[in-house]
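# Summary of structural features
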There are 2 protein chains.
Amino acid sequence: MANINTLVQARYGSATTLSLAAGGVEAANPTLATLLQHKSTRNFSAEHLEPGTLEIIVAAGQSAATSSNLQTWSVIAVEDPVRKDKAATLCGNQDFIRQSPLFLVFCADLNRLTNLSEKQQSAGEGLEFTEMFLMASIDASLAAQNASVAAESLGLGTCYVGAARNHSRELAELLQLPQRVIALFGLAVGKPDDTVAASAAVKPRLGQDEVLHRETWSVDSEAQSRHVTKYDATLANFDAQQQRTGALAWTHRSARRVASASSLSGRHILRQVLEERGFNLR
Amino acid sequence: MANINTLVQARYGSATTLSLAAGGVEAANPTLATLLQHKSTRNFSAEHLEPGTLEIIVAAGQSAATSSNLQTWSVIAVEDPVRKDKAATLCGNQDFIRQSPLFLVFCADLNRLTNLSEKQQSAGEGLEFTEMFLMASIDASLAAQNASVAAESLGLGTCYVGAARNHSRELAELLQLPQRVIALFGLAVGKPDDTVAASAAVKPRLGQDEVLHRETWSVDSEAQSRHVTKYDATLANFDAQQQRTGALAWTHRSARRVASASSLSGRHILRQVLEERGFNLR
């Protein structure tokens with residue numbers, strides 16, 4: 001049985017000073033162990049998934065909370081190698097998508113509610129607001145995370161693919177998405193290729209003192225400087241352990257990632273694509 | 001050990017025809033059981049949380065995937081009864097928020113990246129695009145779902161609070177959120193009050209054939225009509241079992257929920273509030 005403190009320590013890097021027990025119990029239950037040990041899988045074996053796996057994963061996804069039970073999302077399961085190859089090309093040309101036996105594309109879906117509204121002669125004006133696109137994006141994300149956790153509980157690996165927004169227009173065409181449906185991100189699913197060492201370690205995150213605020217916003221600029229400086233060191237240490245050399249500091253990588261429109265890899269036109277596809281964003 | 005098919009049947013209502021086994025195994029592992037049995041908790045006992053619970057929940061949240069490891073979210077933990085009461089009033093005046101010992105407010109956070117960029121004399125122009133607000137919303141949602149699952153694995157109950165967007169401006173003031181941080185939703189956490197029967201059953205969702213598409217968008221308008229008509233019946237049956245009478249059909253409820261700007265309970269101004277708070281949404 002994994003110890004909670006050991007798992008938390010790996011998650012924050014060795015410098016963490018958190019000392020935790022859940023109700024006095026230091027052994028992580030199997031769900032906590034699955035959550036705390038998550039790492040993205042970018043190397044998949046050629047093995048197919050067992051029959052029923054997709055359906056269980058999606059049932060877990062649908063079990064997540066959904067705002068007002070509106071269920072404003074849908075998912076496309078791409079398994080055909082030719083289509084998966086095309087999707088991979090559109091999604092940052094990432095080869096692990098081709099390798100994975102299952103590529104799930106999670107979509108914000110206001111199409112269903114649009115159809116329901118029309119059938120009832122309702123204007124569905126509420127669907128024209130930014131709020132509803134946000135609601136759909138949150139619904140889809142909660143579902144996807146459940147799907148990812150379910151897959152990991154079955155011994156599978158997953159990797160989210162935000163690059164599904166790099167060529168939103170073309171991906172929507174490939175998947176034949178109707179109006180008011182847009183791909184938010186992908187999730188590659190498959191058996192991890194355990195012969196590849198790179199996928200071995202849990203990646204440390206920002207210290208909890210940087211992300212968790214008590215009562216009100218409670219991290220001032222000085223504290224934040226301390227936190228991110230410490231995190232730069234934690235990640236540098238992690239990179240060294242992983243024999244990854246020459247990586248920029250996290251603060252530099254991160255600033256560079258958002259430096260300009262062009263550093264968004266095509267996603268700077270997202271708003272325009274959303275409008276083309278019937279999301280009004282008032 | 002719970003049987004997967006029993007759990008899935010409850011999730012889709014008795015009419016489901018899915019027959020599932022994970023790798024030939026019909027017993028749900030503890031994580032799958034936690035996921036598939038989720039229900040929202042709206043009645044909390046007065047019990048406090050064990051020390052360390054908040055930290056474990058947040059560590060699970062931080063263990064979720066995050067786009068490019070940018071970690072564009074933060075969470076405010078409200079435990080003070082006076083502040084929790086004020087938050088409850090702003091969040092649809094829902095009493096279970098007052099009852100719960102812990103109210104987590106998950107925020108999209110581009111403030112941290114703005115600060116990092118400024119320190120490095122980077123314009124951070126990428127932060128001005130809709131893409132980055134979406135990324136932050138997805139990051140926060142993945143983290144929140146992990147937090148919710150972690151809480152449930154510890155025997156706690158949770159309820160998401162989308163009504164945190166009903167009075168976004170006022171909630172941001174209450175929590176003293178800086179520019180480029182906005183509350184997306186709340187998550188009430190606590191021990192379920194098991195004496196209240198209303199929280200007993202798992203709520204059925206839309207049939208999987210309506211939500212899961214194979215290869216490309218594959219539900220035409222006729223199929224969708226069949227699916228939602230069936231779901232109306234499933235939910236009517238569920239409501240009857242729960243001794244809830246007079247509820248509108250799901251299709252009617254849902255259409256009404258998005259009928260007009262005013263049916264969004266104040267959230268129709270979200271775009272304006274986002275802009276006030278420094279989200280540019282280009």
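Residues numbered from 1 in each chain as written. Chains lettered and ligands numbered in written order. Predicted model: local features only at pLDDT ≥ 70, side-chain atom pairs only at ≥ 80, totals over all residues. Heavy atoms only, no water.

Take the side chain of B:Asn146 next. Counting through the fold element by element, B:Asn146 comes out in helix α7 (residues 130-153). Beyond its immediate stretch of four places on either side in the chain, B:Asn146 contacts A:Leu35, A:Gln145, A:Val149, B:Ala60, B:Gly61, B:Ser63 and B:Ala64. (Helix = DSSP H or I, 4+ residues; strand = E, 2+ residues; numbered from the N terminus. Contact = heavy atoms within 4.5 Å.)

Here we come to the interface of chain B and chain A. Each partner contributes residues to the interface: chain B has 124 residues there, and chain A has 124 residues. For the pairing of chain B and chain A, the buried interface totals around 10600 Å² over both sides, and the portion due to carbon and sulfur atoms is 60%. A per-residue breakdown of the area chain B buries against chain A is headed by B:Gln62, B:Glu215 and B:Trp217, which together make up 8% of the total. At the boundary of chain B with chain A, the tally comes to 12 salt bridges. For A:Arg165, the salt bridge is made with B:Glu131, and the minimal N-O distance between the two is 2.7 Å. The interface formed by chain B and chain A holds 69 residue pairs in polar contact (both at pLDDT 80 or more) in total. (Buried area = accessible area lost by both parts, 1.4 Å probe. Salt bridge = Lys/Arg side-chain N within 4 Å of Asp/Glu carboxyl O. Polar contact = N/O pair within 3.5 Å; in protein donor to acceptor, adjacent residues only side chain to side chain.)

Strand order in the open sheet formed by five strands is β3(A)-β4(A)-β2(A)-β1(A)-β5(B), and the pairing between neighbours is mixed. In this open sheet, the two edge strands, each paired with only one partner strand, are β3 (157-161) of chain A together with β5 (212-214) of chain B. When the angles between neighbouring strand axes are averaged without regard to direction, this sheet yields 25°. Pairing analysis gives eight bridges linking strand β2 (residues 102-109) of chain A to strand β4 (residues 181-190) of chain A, with the strands arranged antiparallel. From the neighbouring strand, A:Leu104 faces β4(A), where its bridge partner is A:Leu187. (Pairing = 2+ DSSP bridges. Axes fitted to C-alpha atoms, helices over the stretch in contact; angles between N-to-C directions.)

It takes a turn of 180° to lay chain B on chain A, together with a shift of 0.0 Å along the axis; the resulting RMSD is 0.0 Å. The transformation just described matches what one would write down for a two-fold rotation axis. Looking at the rotation axis and the C-alpha trace of chain B, the residue lying nearest is B:Thr31, at 2.4 Å. A shared interface surface links the copies, since 100% of the contact residues of chain B are contact residues in chain A too. (Least-squares fit on C-alpha atoms with pLDDT ≥ 70 in both.)

Time to look at the UniProt feature "domain: Nitroreductase" (unreviewed entry) in chain A. The positions that UniProt labels "domain: Nitroreductase" (unreviewed entry) are, in the present scheme, residues 37-187 of chain A. Within the segment residues 37-187 of chain A, helix and strand shares are 43% and 17% respectively, and the terminal C-alpha atoms sit 18 Å apart. (UniProt positions renumbered as here; feature names shortened; annotations may be inferred.)

Looking now at the sheet that holds strand β2 (residues 102-109) of chain B. A sheet is described by the order of its strands in space; here five strands give the open sequence β5(A)-β1(B)-β2(B)-β4(B)-β3(B), paired in mixed fashion. Both outer strands of the open sheet, β5 (212-214) of chain A together with β3 (157-161) of chain B, are each paired with one neighbouring strand and no more. For this sheet, the mean inter-axis angle between neighbouring strands, taken without regard to orientation, is 25°. The strands touched by α7(B) within the sheet are β1 (73-78), β2, β3 and β4 (181-190) of chain B, with β4(B) carrying the most contacts at an inclination of about 10°.

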